[in-house]
Amino acid sequence: MNRFLPLVAAGVRHLTPYQPGKPIEELERELGLIHIVKLASNENPLGLGERAKAAIAAASADIARYPDGGGFSLKAALAAKHSIQPGQITLGNGSSEILELAARAFLTPEHESVFARHAFALYPILTQAAGAVARIAPARDYGHDLAAMRALINERTRLAFIANPNNPTGVLLSPSEVEAFIAELPEHVICVLDEAYYEFVAPELRAETLHWPERYPNLLVTRTFSKAYGLAGLRIGYGVSSPELADILNRVRQPFNNSNLALAAAEAALDDADFLQRTLALNQAGMRQLTEAFAELGLEWIPSHGNFIAVRVGEGAFSVYEALLRKGVIVRPVANYDLPEYVRVSIGTEAENQTFIEALRQVLAGV
Ligand SMILES: *Cc1c(COP(=O)(O)O)cnc(C)c1O
């Protein structure tokens, strides 16, 4: 037993850390494989855009300096792009950090958070780390059942997490459903609307949610540069809220939580409409490629609005995951999301998707 366990906060004592996708290097070391396809962490298969790359090269001249802890330039760019105020923005070391700031600021052992079954794994972890109580609502068609979530809210509730689209299921709620939920929330509950995959949603199915905090001061919308913008390794994301809520989040934030490389790359990436367009087109084509293959293999999947898809491979899903690893394809087992018969696969390049499909076909055929 770890000798420090009796000394740590009760919430931390029983915490199971977030399980990231298996890194390529690790599989290389374990199996001595060289051509590995990683479709496990919803990263951008195109890498990063040329503009971001150039901005990183330029910013690297200043690495000896501390970054601008206020993120002035990036906030100005985000504010201009989305027609919001810079004071509404909180920058984070990935949008995960924004979620963490919210948990740190609002959750204590006297408080509760609410989220749905199959919701993003960070919500229970952050809740438990704060020693708070997680209230888990049943799912509806693999997505969030907002009425069920609403029913779990009481005077101890502080945070209601909604990932839209959800990860790992890819299920999307309509803007009107989500807004109705937010509008009904009591004032002491903050809605954390996690839009890590917002850019992948078809324009006709999404709303200008970054304007919602003007109407709902207890709403925090989070977005990230990790997925559609291809900057997962740099760690940068942001929250948009009322200035009052942003002020609270900024109180618990580390002063230099974004590197100058990340700030510069994010600002450049925002402007790179061409890269974003290519990313979305590739994602659409890849989604078609995978679902057609699943249909042909007789597999069910959960229709997804993200850059990933959960496919039902049956009771032996974990052994399918392991067999795919041995063929050099990394996907994500999702038993920890209460989806024991599924694996989640990120949409890759056409060639990566093809490698995955072929490996899956062989694994399912017992080859
Ligand atoms: C990937 C992801 C995030 C955050 O990723 P960051 O790299 O920390 O920005 C947040 N929420 C969901 C649902 C995600 O899938």
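So, how was this worked out
Residues numbered from 1 in each chain as written. Predicted model: local features only at pLDDT ≥ 70, side-chain atom pairs only at ≥ 80, totals over all residues. Heavy atoms only, no water. Axes fitted to C-alpha atoms, helices over the stretch in contact; angles between N-to-C directions. Helix = DSSP H or I, 4+ residues; strand = E, 2+ residues; numbered from the N terminus. Parallel < 35°, antiparallel > 145°, perpendicular 65-115°, else oblique. Left-handed = near helix turned anticlockwise from the far one by under 90°. Contact = heavy atoms within 4.5 Å. Nonpolar A, V, L, I, M, F, W, Y, C, P; charged D, E, K, R; others polar. Polar contact = N/O pair within 3.5 Å; in protein donor to acceptor, adjacent residues only side chain to side chain. Pairing = 2+ DSSP bridges. Near = heavy atom within 4 Å. Areas by Shrake-Rupley, 256 points an atom, 1.4 Å probe, with all protein chains shown as cover. Phe/Tyr/Trp six-rings, centres within 6.5 Å; stacked < 30°, edge-to-face > 60°. Buried < 20%, exposed > 50% of the residue type's maximum accessible area, 1.4 Å probe, protein only.

Novice: Please explain the packing of helix α12 (residues 317-326) against helix α13 (residues 350-364) as it appears in this structure.
Specialist: The relative placement of two packed helices is expressed as an angle between their axes plus a distance between the axes. Running from N to C, α12 and α13 cross one another at 125°; their axes reach a closest spacing of 10 Å. Classed by the angle they form, the pair α12 and α13 counts as oblique. Handedness of the α12/α13 crossing: right-handed. Residues Val320, Ala323 and Leu324 of α12 form the contact with α13, whose own contacting residues are Phe356, Ala359, Leu360, Val363 and Leu364. Class assignment of the residues belonging to the contact of α12 with α13 gives a composition of eight nonpolar, no polar and no charged.

Novice: Looking at this model, I keep getting lost on the side chain of Asn167. Mind explaining?
Specialist: Topologically, Asn167 is positioned in the loop between β7 (157-163) and α8 (175-184). In terms of polar contacts, Asn167 uses its side chain to reach the side chain of Tyr197, at 3.5 Å. A distance of 2.7 Å separates the side chain of Asn167 from the side chain of Arg344, its partner in a polar contact. Here Asn167 is in contact with Asn42, His118, Ala119, Phe120, Tyr197, Phe308, Tyr337 and Arg344, once residues within four sequence places are set aside.

Novice: Before we go on, may I ask you to explain the sheet that holds strand β12 (residues 308-312) in this structure?
Specialist: Working definition: the strands of a sheet are paired by backbone hydrogen bonds and lie parallel or antiparallel to each other. Spatial strand order, β11-β12-β15-β14: four strands in an open sheet with antiparallel pairing. The strands lining the two open edges of the sheet, one partner per strand, are β11 (300-302) and β14 (332-333). As judged from the three bridges shared by β11 and β12, these two strands associate in the antiparallel manner. Residue pairing for β12: Ile302 is matched across the bridge by Ala310.

Novice: I'm lost on the site of the ligand in this one. Help?
Specialist: In the vicinity of the ligand, the contacting residues are Gly94, Ser95, Ser96, Phe120, Asn167, Asp194, Ala196, Tyr197, Thr224, Ser226, Lys227 and Arg235. Measuring from an oxygen atom of the ligand, one finds a side-chain N or O atom of Tyr197 at 2.6 Å. A distance of 2.7 Å is found between an oxygen atom of the ligand and a side-chain nitrogen or oxygen belonging to Arg235. Alone, the ligand offers 380 Å² of accessible surface; in the complex the protein occludes 93% of this. Here the shell around the ligand is built from residues that sort into three nonpolar, six polar and three charged.

Novice: Help me understand the packing of aromatic side chains in this model?
Specialist: Aromatic rings in a pair are described by how distant their centres are and how their planes are angled relative to each other. Applying the stated criterion across every chain, the model contains 13 aromatic pairs. Between the aromatic rings of Tyr142 and Tyr342, the centroid separation amounts to 5.8 Å while the plane-to-plane angle is 65°, which identifies the pairing as edge-to-face. With a gap of 200 residues between them, Tyr142 in the loop between β5 (139-140) and β6 (143-144) and Tyr342 in strand β15 (residues 342-346) connect regions that are remote in the sequence. Judged by relative accessible area, which is 29%, Tyr142 ranks as partly exposed.

Novice: What exactly am I supposed to notice about the side chain of Ser95 here?
Specialist: Assignment of secondary structure puts Ser95 in helix α5 (residues 95-106). Look past the residues within four positions of Ser95 in its chain and what remains in contact with it is Thr222, Arg223, Thr224, Ile236 and Gly237.

Taken by themselves, the reported measurements are silent on function.
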